[in-house]
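# Fold and contact review
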Amino acid sequence: MQCHGKGLFAKKAIKKGDTIFVERPLVSSQFLWNSQYKYKACEYCLSALETAQDNARRLSGNPGLSLPHTELCKVRPELHQACPQCQVMYCSNECRQAAADQYHRDAWRSMHYPPETSSIMLMARMVATVKQAQDKYCWQKLFFQLCSRAANEEEEIAHKLLGEKFQGHLTLLQTLFTTGCPFTLQWFTLEGFRSLFALVGTNGQGIGTSSLSQWVQACDALELTSQQREQLDSFIDQLYKDIEKETGDFLNCEGSGLFLLQSSCNHSCIPKAEASFPNNNFLLHLSALSDISPGEEICISYLDCCQRDRSCHSRQKLLRENYLFVCSCPKCVSQMDELDLTSSEEEEEEEEDDMEEEITDV
């Protein structure tokens, strides 16, 4: 069963579409693969650094493309600043200073990290934040509020990245961390490191930012004649077709962050709310997907839309391996007696497992 250690509940009536809260992460980081494929984001707040026009040109493969209404783009390249030591980019002096104050000082920048997803960088920034903080206990207390169990003994479930076949990799990463950090934390014991890894794996929330999407939203709000609206919509539709042909579905700067309040939300395969990032930065907006009554639990989905459409067996497999529980939401209860898998889902899961092993071996 899904054990509810904590949860988020409505204190008043919430209407569909209402913003329930806005939250900034404790730490966040862009995915390494996303950065290497030239998706430029602020090192601190993950704001897209490309203008909407530059972004559209790169994604569509058309360097001569000109967007209409470029004044609607909110990216300001003249405000961008680089770290004077390591040259990582920030959207503003405020973000550069905030990063320096929290985790980006000289001693930490000198470390070299192995190729990875953002999980390792989130862990590194957690440790760096505690190291630099004047009140180290306060920051550790905040991080310890996030779920960090590596296994669910009652259900006999262990996090998929903490099994025996990954033990060597975990030991290597733990050694790299303890060697590169000239101070001591309880996370640096082997069990402490497993707990830290589980914390990031269980609580990491995906973040997506896009100057182009923000520009499109601004275009939608323009007051235009019917002919002008038709021309603009036609231009945008064709642009997205060109981008899909050239780039596929990868449109955003993507990363991950740890959000304290959002992490209190339990899962349901029929969620009451969902997270989004409409400000083109790391600020999470939790919005209601349906009306929520006072006292009702505000559940989100830990699965994406495609995953939620899969069979009950497949959803439960994903939730057991990544979040260490068996879902007992109404949708899962109603589908318990259905067939376990479709053949396409079996093939998809086998491909995912093969990819995980290949990535881990690398």
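Looking at an unreviewed UniProt entry, the chain carries the name Protein-lysine N-trimethyltransferase SMYD5, with the source organism given as Oncorhynchus tshawytscha. The chain has a UniProt comment under Subcellular location (unreviewed entry) that states "Cytoplasm".

Right, let's talk about a nonpolar patch on the surface for a bit. A cluster of nonpolar side chains, contributed by Trp33, Tyr37 and Phe250, occupies part of the molecular surface with about 350 Å² of accessible area. Examined against the element boundaries, Tyr37 turns out to sit in the loop between helix 1 (32-36) and helix 2 (52-60).

Take helix 8 (residues 190-203) next. The terminal C-alpha atoms of helix 8 lie 20 Å apart, and with 14 residues this matches the ideal 20 Å at 1.5 Å per residue to within 8%. Every buried residue of helix 8 is listed here: Gly192, Phe193, Arg194, Leu196, Phe197, Ala198, Leu199, Val200, Thr202 and Asn203.

Moving on to the pattern of salt bridges. Inspection of every chain in the model, using the stated rule, returns five salt bridges. The salt bridge involving Arg229 is made with Asp233; its shortest N-O contact spans 3.6 Å. With Arg229 and Asp233 both in helix 10 (residues 226-246) and four residues apart, the pair spans about one turn of that helix. Judged by relative accessible area, Arg229 falls into the buried class, the value being 19%.

With burial as the criterion, each face of strand 2 (residues 27-30) is covered, one bearing Val27 and Ser29 and the other bearing Ser28 and Gln30. Across four bridges, the pairing between strand 2 and strand 8 (residues 253-258) is antiparallel. Paired with Ser29 across the bridge in strand 8 is Ser256.

Turning our eyes to something else, we now look at the packing of helix 9 (residues 211-220) against helix 10. Close contact between helix 9 and helix 10 brings their axes to 11 Å; oriented N to C, the two are set at 160°. It follows from the interaxial angle that helix 9 and helix 10 lie roughly antiparallel. Where helix 9 crosses over helix 10, the two elements pack in a sense that is left-handed. Contacts between helix 9 and helix 10 involve Leu212, Ser213, Trp215, Val216, Cys219 and Asp220 on the former and, on the latter, Arg229, Leu232, Phe235, Ile236, Leu239, Tyr240 and Ile243. Of the residues assigned to the contact of helix 9 with helix 10, the class counts are 10 nonpolar, one polar and two charged.

Further remarks concern the nonpolar core. Ranked by size, the top nonpolar core spans 28 residues in total, and within it Cys42, Tyr44, Cys45, Tyr90, Cys95, Leu286 and Ile298 carry the most contacts. Going through the elements one at a time, helix 3 (93-102) and strand 10 (284-288) are the ones with two or more residues in this core. No other element matches strand 10, which puts three residues into this core. Not counting chain neighbours up to four residues away, the residues in contact with Tyr90 comprise Cys42, Glu43, Tyr44, Leu49, His80, Gln81, Cys83, Cys95, Arg96, Ala99 and His104. Formed by 22 residues, the second largest nonpolar core is a distinct cluster that contains Met126, Val130, Trp187 and Phe193.

With respect to burial, strand 8 is a largely interior element, five of its six residues being buried. Summarising the sheet, strand 7 (residues 205-209) and strand 8 pair through five bridges and their orientation is antiparallel. Note on strand 8: the bridge partner recorded for Gly206 is Ser256.

With that out of the way, let us pick up the sheet that holds strand 1 (residues 19-23). Strand order in the open sheet made by the three strands is 1-10-9, with antiparallel pairing throughout. Bordering the open sheet on either side are strand 1 and strand 9 (273-276), each of which pairs with just one other strand. Direction aside, the axes of adjacent strands within the sheet are offset by 20° on average. Here strand 9 pairs with strand 10 via four bridges, running antiparallel. In the strand pairing of strand 10, Ser276 is matched with His285.

Here we come to the packing of aromatic side chains. Enumeration according to the criterion identifies eight aromatic pairs in this entry. On the numbers, 6.3 Å between centres and 15° between planes, the contact of Phe31 with Trp33 is stacked. With relative accessibility at 30%, the residue Trp33 sits in the partly exposed group. Taken together, the ring pairs connect Phe31, Trp33 and Phe250 into an aromatic cluster. In this arrangement the basic side chain of Arg58 is found over the ring face of Tyr39, its NZ or CZ atom lying 4.5 Å from the centre.

Our focus in this paragraph is the confidence of the model for the chain. When pLDDT is averaged along the chain, the result is 83; 80% of the residues meet or exceed 70. A low-confidence stretch, residues 151-159 (pLDDT under 50), is modelled with 23 contacts involving residues beyond four sequence positions or located in other chains. Low pLDDT, under 50, characterises residues 353-362; the stretch is placed with six contacts to residues that sit more than four places away or in other chains.

All right, on to the environment of Asn266 then. The topology assignment puts Asn266 in the loop between strand 8 and strand 9. Considered as a pair, Asn266 and Ile298 are 32 residues apart in the sequence and their alpha carbons are 7.6 Å apart.

So, on to the packing of helix 2 against helix 10. Interhelical geometry of helix 2 versus helix 10 gives an angle of 50° and a closest axis separation of 7 Å. Between helix 2 and helix 10, the interaxial angle falls into the category oblique. Between helix 2, through Ala56, Leu59 and Ser60, and helix 10, the contact on the second element is made entirely by Leu239, Asp242, Ile243 and Glu246.

Thresholds applied
- Residues numbered from 1 in each chain as written.
- Predicted model: local features only at pLDDT ≥ 70, side-chain atom pairs only at ≥ 80, totals over all residues.
- Heavy atoms only, no water.
- UniProt positions renumbered as here; feature names shortened; annotations may be inferred.
- Patch = residues over 30% accessible without salt bridge, like charges linked within 9 Å, V, L, I, M, F, W, Y side chains within 5 Å.
- Areas by Shrake-Rupley, 256 points an atom, 1.4 Å probe, with all protein chains shown as cover.
- Salt bridge = Lys/Arg side-chain N within 4 Å of Asp/Glu carboxyl O.
- Helix = DSSP H or I, 4+ residues; strand = E, 2+ residues; numbered from the N terminus.
- Expected span 1.5 Å × (residues − 1).
- Buried < 20%, exposed > 50% of the residue type's maximum accessible area, 1.4 Å probe, protein only.
- Pairing = 2+ DSSP bridges.
- Axes fitted to C-alpha atoms, helices over the stretch in contact; angles between N-to-C directions.
- Parallel < 35°, antiparallel > 145°, perpendicular 65-115°, else oblique.
- Left-handed = near helix turned anticlockwise from the far one by under 90°.
- Contact = heavy atoms within 4.5 Å.
- Nonpolar A, V, L, I, M, F, W, Y, C, P; charged D, E, K, R; others polar.
- Core = buried A, V, L, I, M, F, W, Y, C linked by side-chain atoms within 4.5 Å.
- Phe/Tyr/Trp six-rings, centres within 6.5 Å; stacked < 30°, edge-to-face > 60°.
- Lys NZ or Arg CZ within 6 Å of the ring centre and 35° of its normal.
- pLDDT = per-residue confidence, 0-100.

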